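Structure at a glance
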Amino acid sequence: MTPLLQVTDLATHFFTRAGALKAVDGVSFQLAPGEVLGLVGESGSGKTVTGFSLLGLIEPPGKIVRGSVRFEGHELIGMRERDLRSIRGRRLAMVFQDPTMTLNPVLTILRQMSLALQAHKQLSNDAIRARCIEVLTLVGIPDAGSRLDAYPHEFSGGMRQRVAIAIALLHNPSLIIADEPTTALDVSVQAQILTEMRDLVRRIGTSLIWISHDLATVSSLADRIAVMYAGRIVEEGPTAQVLKQPRHPYTQGLLDSLPSRTVPGQALPHIPGMMPSLLDLPQGCSYAPRCGRADDRCSSDPALTRVDAGAFRCHHPIGLDE
Amino acid sequence: MTSDAFLAAEDVSKRFVLPVLWSERVAARFTRRGWIAPVRVVHAVESVSLFIRRGEVLGLVGESGCGKSTLGRVLTGILPASSGQVLLEGKPIMNAAGRKIDRRIQMVFQNPYASLNPRNRVGRAIAEGPLAHGLTTPAGAAAYVGGWLTRVGLDASCADRYPHEFSGGQRQRIAIARALAMQPEVLICDEPVASLDVSIQAQIINLFLQLRRELSLTMLFISHDLGVVRHLCDRVAVMYLGRIVESSPTASLYEAPQHPYTRALLASVPKLRLDQEAASFRPIAGELPSPLAPPSGCAFHARCALVQPICLSDVPPLRPIAEGREAACHVVTAGDARTIPQPPGPGKPRETPFTDKKIDFDRDSE
């Protein structure tokens, strides 16, 4: 199957006074139609900047310095802003972490949804209303017709995030990028949104990139997982394979850090140290300074190795070391 | 009340009266007694009694808005209780004027970016309290601070630096050192690892485990993360809309949760999915009602699969259901802890749409 999205060697750097900050540095992955990719990493790993780069939302001092993003046959990098606009929001939509920030507090739900609709389509008022009710119902807002004239502050956090998801769905996009959409929500609400998202993706066949720091959340939703560290994807593969048989020591470290994997009361096998500064990355593998398996070879860049359906960047992969 | 209680809350309530908005003053009614503006009261904590034994770590879990942070602040003595009292070794921690008189309870806050003054050097932030309480002298302060910094895994030289020079995990260590420098016997931790990344979170959890062992601290660990609580705590209290609905030793709570809310909460946590099978979590229907207008009877009744007529009218008291376990539920009572009906089949949430329940509750509370 031809991929819906093909990202090759994408690099986004921020040119600050302190030097070039390599937020994303050589990210490649692809996504099939209807596939859900979980992009996992800690803060500063470059997962959000990757999402923003795909949408062309990088602003100075940030710049996409190289790479290619092919989406539905179009090359998005270097595309004119006008052409990008016709794709963004229509074929490619985004849901952000905090719906209180992304919804306009002084516009009713109907007004902001109709603005998003009219950006790409001329529709009658009745048609707009009908479409809004349709997508709001789809994301689990009961009695949507009566909530259209409400303002964002009249909704709870979970309901607001549903509205944000509904806006992303307005044009039936073929890809939705969701950046930590449940992080700000409580577990019970998160479970509601996760269930609804999973059903939606199945029902309407949209592809989804779910960006999150939480492996458990991602594993409940994603077909494939890509683990990011210091601006690179260090491991990628089918969800079950990555979680069951992680090859990269960082993936293993992340999994071991979860309290659910250790007997209560025992010290957790934590990863020592912290992520290196993106301004001053170590030579070779960025994870080497924190890695128990590192040796001299790790001062050279590990190439991408493919095994089974997955891939990783490591000189000393777990279970495959010679 | 158990006799071996070290820190105890006795029937503590905390209400916040919200300032009346200008628009509501306009809408105020004129009666014989004068202008009556609607008064809005948030029932953040409602008659909570709990105790922590010496050396015990009690976990306090619940969703945002359930009142767990407010309860933590009342227990620390930062906020005075609206009614009820907090006792440390049987003595109130507040004097009659509502001022905290006990240094032995200290708090660690969620966000180390907000809880450390950016313009104070770390050393000064840590030394301030101990100096005021005579735990150290101006001459000995540097060594005293250095000792506590080393204890939390930082270098003593960090004292001369400012908070912005540290990462989130390091700042949380500084915040812990600041609380410990007061030589507390009880440490109240309000979501101390929530804002940290997984790998850093594990480091801080390990630090808590180590400190607890070394200093035999008594702790209240407030968190929404049920995995972290299971790892750290001896006993867990579950809060829902201002009240404790269940308290139990950690192992039995996670193995066999009794209160329908505890069960639903535990079931809603996504677990790491290692096989292709469908994910093993189930959402709770509905939303947390507003503490401005708590529902009548059991606050959980509108979302509960086991609801009975009595749940709509009477608030269930917290009562013993098994050895060391308590639950506030009309349906789950002592004796039938093993035979209670389970909620409807797995993977099938109750067929209630996600209604905004506030409207119903307004009617109920009339």
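Residues numbered from 1 in each chain as written. Chains lettered and ligands numbered in written order. Predicted model: local features only at pLDDT ≥ 70, side-chain atom pairs only at ≥ 80, totals over all residues.

1. Side note on the overall build of chain B
- Scanning chain B from terminus to terminus reveals eleven helices and 14 strands.
- Burial analysis of chain B (366 residues in total) assigns 48% to the buried set. (Helix = DSSP H or I, 4+ residues; strand = E, 2+ residues; numbered from the N terminus. Buried ≥ 20, exposed ≤ 12 C-beta atoms within 10 Å, placed from the backbone.)

2. Regarding the interface of chain A and chain B
- Contacts between chain A and chain B engage 37 residues on the former and 39 residues on the latter.
- Broken down by secondary-structure element, the contributors of at least two residues to the side of chain A that touches chain B are α8 (187–204), α9 (215–219), α10 (239–244) and α11 (249–257) of chain A.
- The element that contributes the greatest number of residues to the side of chain A that touches chain B is α8 of chain A, accounting for six residues.
- Across the side of chain A that touches chain B, the residue classes tally to 16 nonpolar, 18 polar and three charged. (Contact = placed C-beta atoms within 7 Å. Nonpolar A, V, L, I, M, F, W, Y, C, P; charged D, E, K, R; others polar.)

3. Concerning the domain arrangement of chain A
Residue and element names in this part refer to chain A.
- Here chain A is partitioned into domain 1 (5–91 + 174–191 + 203–313) and domain 2 (99–170).
- Put simply, the middle of domain 1 and the middle of domain 2, counted by C-alpha atoms, are 30 Å apart.
- Taken together, the contacts link seven residues of domain 1 with seven residues of domain 2.
- Considered class by class, the residues forming the side of domain 1 that touches domain 2 number five nonpolar, one polar and one charged. (Domains from an automatic or database assignment.)

4. So, the pairing of strand β12 (residues 243–249) of chain B
All names here are of chain B.
- Counting buried residues in β12 gives six out of seven residues, a clear majority hidden from the surface.
- Pairing analysis gives six bridges linking strand β11 (residues 235–240) to β12, with the strands arranged antiparallel. For R235, the partnering residue across the bridge sits in β12 and is P249.
- Hairpin connection, β11 to β12: the antiparallel pair is bridged by two residues, and L241 has positive phi, about 50°.
- The pairing of β12 with strand β14 (residues 325–327) spans two bridges and is classified as antiparallel. When the sheet's bridge partners are listed, S247 is paired in β14 with E326. (Pairing = 2+ DSSP bridges.)

5. Overview of helix α4 (residues 109–118) of chain A
- Among the residues of α4 of chain A, I109, Q112, M113, S114 and L117 of chain A are the ones counted as buried.
- In this structure, the buried side of α4 of chain A is in contact with α5 (125–138), α6 (144–147) and α7 (157–169) of chain A.

6. Concerning the packing of helix α6 (residues 168–180) of chain B against helix α7 (residues 198–215) of chain B
Residue and element names in this part refer to chain B.
- Interhelical geometry of α6 versus α7 gives an angle of 20° and a closest axis separation of 9 Å. In terms of their interaxial angle, α6 and α7 are classed as roughly parallel. Crossing angle aside, the handedness with which α6 passes α7 is right-handed. Facing α6, whose interface residues are G168, G169, Q172, R173 and I176, α7 presents I200, Q203, I204 and L207.
- Taken together, the residues of the contact of α6 with α7 break down into four nonpolar, four polar and one charged. (Axes fitted to C-alpha atoms, helices over the stretch in contact; angles between N-to-C directions. Parallel < 35°, antiparallel > 145°, perpendicular 65-115°, else oblique. Left-handed = near helix turned anticlockwise from the far one by under 90°.)

7. Let's talk about the sheet that holds strand β9 (residues 224–229) of chain A
All names here are of chain A.
- The eight strands are arranged β6-β7-β8-β3-β9-β10-β12-β11 in an open sheet whose pairing can be described as mixed. The sheet terminates laterally at β6 (92–95) and β11 (304–307), the two strands that pair on one side only. Neighbour-to-neighbour, the strand axes of the sheet open up by a mean angle of 20°, direction not taken into account.
- Pairing of β11 with strand β12 (residues 310–313) involves four bridges; the strand directions are antiparallel. Bridge pairing in β12 places T305 opposite F312.
- Its contacts with the sheet put helix α1 (residues 47–55) on β3 (36–40), β6, β7 (175–179), β8 (207–212) and β9, and the angle it makes with β7 is roughly 150°.

8. A few points about the environment of M94 of chain B
- Of note, M94 of chain B is situated in the loop between β7 (91–92) and β8 (105–108).
- For the pair M94 of chain B and D190 of chain B, spaced 96 residues apart in the sequence, the C-alpha separation amounts to 20 Å.

9. Quick word on the sheet that holds strand β1 (residues 5–16) of chain A
All names here are of chain A.
- Strand order in this open sheet of four strands is β2-β1-β4-β5, and the pairing throughout is antiparallel. The outermost strands of the open sheet, each flanked by one partner alone, are β2 (19–31) and β5 (74–75).
- As defined by bridge partners, β1 adjoins β2 across ten bridges and the pair is classed as antiparallel. Residue pairing across strands places T16 opposite G19, the latter belonging to β2.

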